[in-house]
Amino acid sequence: MHENTKEITGIILKAKEKAIKETSREPEPELTKPINWPVDCVVGPGLEGAIACETRIGYVNGSKGWLVYRGYNIFDLCAYGTYEEVSYLLMYGYLPSNTQLTRFKKKLIEYRTAHQTKRLLMGFPIEKMKPMGALRLGTNLMRQEFTDVDRDKYLSNVARIIAADEDSIPMETTPMGEENAIYEFKRQQREDSIKEDLKHATGFESCFHLLSGVASLTGAIARLRCGQMPIEHDPELSFAGNLIYTMTGKKPTPVEERVMDVSLILHADHGMNASTFASMVVASTLSDVYLSVGAGIAALQGPLHGGANERVIEMLKDIGSEENVPAWFEKKRSKKEKIMGFGHRVYKSYDPRARVLSPLAKYMTKENKKSKKLYRIARTLEKEVIKTLGAEKKIFPNVDFYSGIVYASMGIPSDLFTPIFAVSRVAGWTSRVQEYLRKNRIFRPRAMYIGPFDKEFPPIENRGRTKKS
Ligand code: ACO
């Protein structure tokens, strides 16, 4: 880790100390033992409380506010680890040795070019799409890079896109005939060296391809939507550093690189949340890992889930000043409106990720007047919410409350906040999908039918008059 980022480590360790002081050491024993099927549990709407599987990947203790990946607490992973190490840990179950990490990073670098996908993406009106929509599309296009899935249907599109802009055809393509100007990628040569599981789009290699590729696509989308060409990665920068660089076109400072790295670690996995569950449901049908990640992205984009970070910034701007907070909050509260960035299905205590992101937001905004103002409004709002909703309903800030302020301080536009979340969460989605597939059973809950029976089929001319039921 860079010398200049020692202060960041200090901030994280201080947050850890505070968390330990404020939370008890006992885990929730009913959620930390092997399952004997069938299992008894109390299930609420939205599958609240339902137990779907065993896992060794991660544990969220909602009442105490703990987050653990593979046995390591989140504070230590942020203080001492890197995103590359943590994604390896989530996937394999242990931290990599030096040699393993070097090999893993090399693999990620190899996959991050994603030239073919970026070229295809440029055939779509990215500037008219929301970045999360473009990212979802991008994972579908990535699926074609190495796999045979849907290839025949797809090839005609490739030919059309290439033919539309022949000047942009890179050196790796060879002309296949003068008359029709059809070009072919060096597919044959590459296919020989592709591992079997990449071809079928289901194995670990595809997960690593996605880990790197989704980050690459996020960088490319950030540029394309502003009418700029995607930029190449810098081999000197880390995964996190390259994410900032390819999105903004600016080389990050060591502090920005480290803070982004910490944020990626914080967002990498989080139990059976909506997007992870969506990915797992798709995988459980024996669909493939690209479509699973696409489903995760689709679920993450909603404002009740990962989309909340973007809304938080809009909300803080809307509040306008610290002085406006009490009146603004009272109005929302009286109307029973939700405050973005607060509340959580599992945490009924302070979210440990917000414990880290809050002081990091303070640190990152100290020299920027505009971001500092947003941070101050956020802190004032947090105090108001905790005083009332915290005491009444155990509602505290969640991960989305401060992450946007951190990203905004790096000059990242707010509609890229949720894609950054997605970049990080690919590690959790793919690890959990791979784990679940080892003992796969298709997900299939039931709904309670409360409609009528024995209705008579009415002729069409009578239908407007029948009562809705
Ligand atoms: N602001 C105000 N009140 C809230 C909030 C909030 N942010 N969150 C929950 N409540 C209240 C509800 O109004 C409800 O009150 P009631 O019992 O008087 O009707 C009670 O707390 C329970 O809320 P539910 O929505 O039923 O809780 P649920 O577990 O279904 O929802 C969720 C969790 C979706 C995160 C919710 O807290 C929310 O909508 N928060 C705002 C959006 C947000 O920040 N999402 C990001 C979550 S973190 C993540 O996904 C990465």
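My aim in this report is to walk through the structure given alongside it, one point at a time. (Residues numbered from 1 in each chain as written. Predicted model: local features only at pLDDT ≥ 70, side-chain atom pairs only at ≥ 80, totals over all residues. Heavy atoms only, no water.)

## A closer look at the site of the ligand
The local shell around the ligand holds 21 residues, among which His305, Lys338, Ile339, Phe342 and Arg345 are the closest. Residue Leu304 places a main-chain N or O atom 2.9 Å away from a nitrogen atom belonging to the ligand. Within the side chain of Lys338, a nitrogen or oxygen atom sits 2.7 Å from an oxygen atom of the ligand. The protein chains hide 72% of the 920 Å² of surface that the ligand would expose on its own. Of all elements in the fold, only α18 (369–393) and α19 (399–409) reach the threshold of two or more residues within the shell around the ligand. Each residue belonging to the shell around the ligand can be placed in one class, and the counts come to ten nonpolar, five polar and six charged. (Near = heavy atom within 4 Å. Polar contact = N/O pair within 3.5 Å; in protein donor to acceptor, adjacent residues only side chain to side chain. Areas by Shrake-Rupley, 256 points an atom, 1.4 Å probe, with all protein chains shown as cover. Helix = DSSP H or I, 4+ residues; strand = E, 2+ residues; numbered from the N terminus. Nonpolar A, V, L, I, M, F, W, Y, C, P; charged D, E, K, R; others polar.)

## Looking at the packing of aromatic side chains
Scanning the model with the defined rule gives 17 aromatic pairs in all. Ring centres of Phe104 and Phe208 lie 5.3 Å apart, and the angle between their planes is 80°; on these two criteria the pair is classed as edge-to-face. Of this pair, Phe104 sits in helix α4 (residues 98–112) while Phe208 sits in helix α10 (residues 204–224); the two residues are 104 residues apart in sequence, bridging distant segments of the chain. When the ring of Tyr350 is compared with that of Phe396, the centres are 6.4 Å apart and the planes differ by 45°; the resulting orientation is tilted. Placement of the pair is Tyr350 in the loop between α16 (325–334) and α17 (352–365) and Phe396 in the loop between α18 and α19, with a sequence separation of 46 residues. The residues Tyr350 and Phe396 share a single accessibility class, namely buried. (Phe/Tyr/Trp six-rings, centres within 6.5 Å; stacked < 30°, edge-to-face > 60°. Buried < 20%, exposed > 50% of the residue type's maximum accessible area, 1.4 Å probe, protein only.)

## Focus: the environment of Met340
As for its placement among the helices and strands, Met340 is situated in the loop between α16 and α17. With 36 residues separating them along the chain, Met340 and Leu304 place their C-alpha atoms 8.1 Å apart. Sequence-distant contacts of Met340, that is, excluding residues within four places in its chain, are made with Pro303, Ala308, Arg311, Val312, Met315 and Phe401. (Contact = heavy atoms within 4.5 Å.)

## Here we look at the pattern of salt bridges
According to the stated counting rule, one finds 16 salt bridges in the structure shown. Its salt-bridge partner being Arg353, residue Asp351 comes within 2.8 Å of it at the nearest N-O pair. Judged by its relative accessible area of 1%, Asp351 is buried. Shared partners join several salt bridges into a network, and the residues in it are Lys18, Glu22 and Arg355. (Salt bridge = Lys/Arg side-chain N within 4 Å of Asp/Glu carboxyl O.)

## Quick notes on unusual backbone geometry
Where the residue is not glycine, phi is negative for most of them; where a peptide bond is considered, it is trans in most cases. Of the consecutive residues Trp37 and Pro38, the connecting peptide bond is found in the cis state with omega at -5°. Its location among the elements puts Pro38 in the loop between α1 (6–22) and β1 (58–61). Positioned with a positive phi, Ala114 is a non-glycine residue whose angle comes to about 45°. Locating Ala114 in the fold gives a position in the loop between α4 and α5 (115–121).

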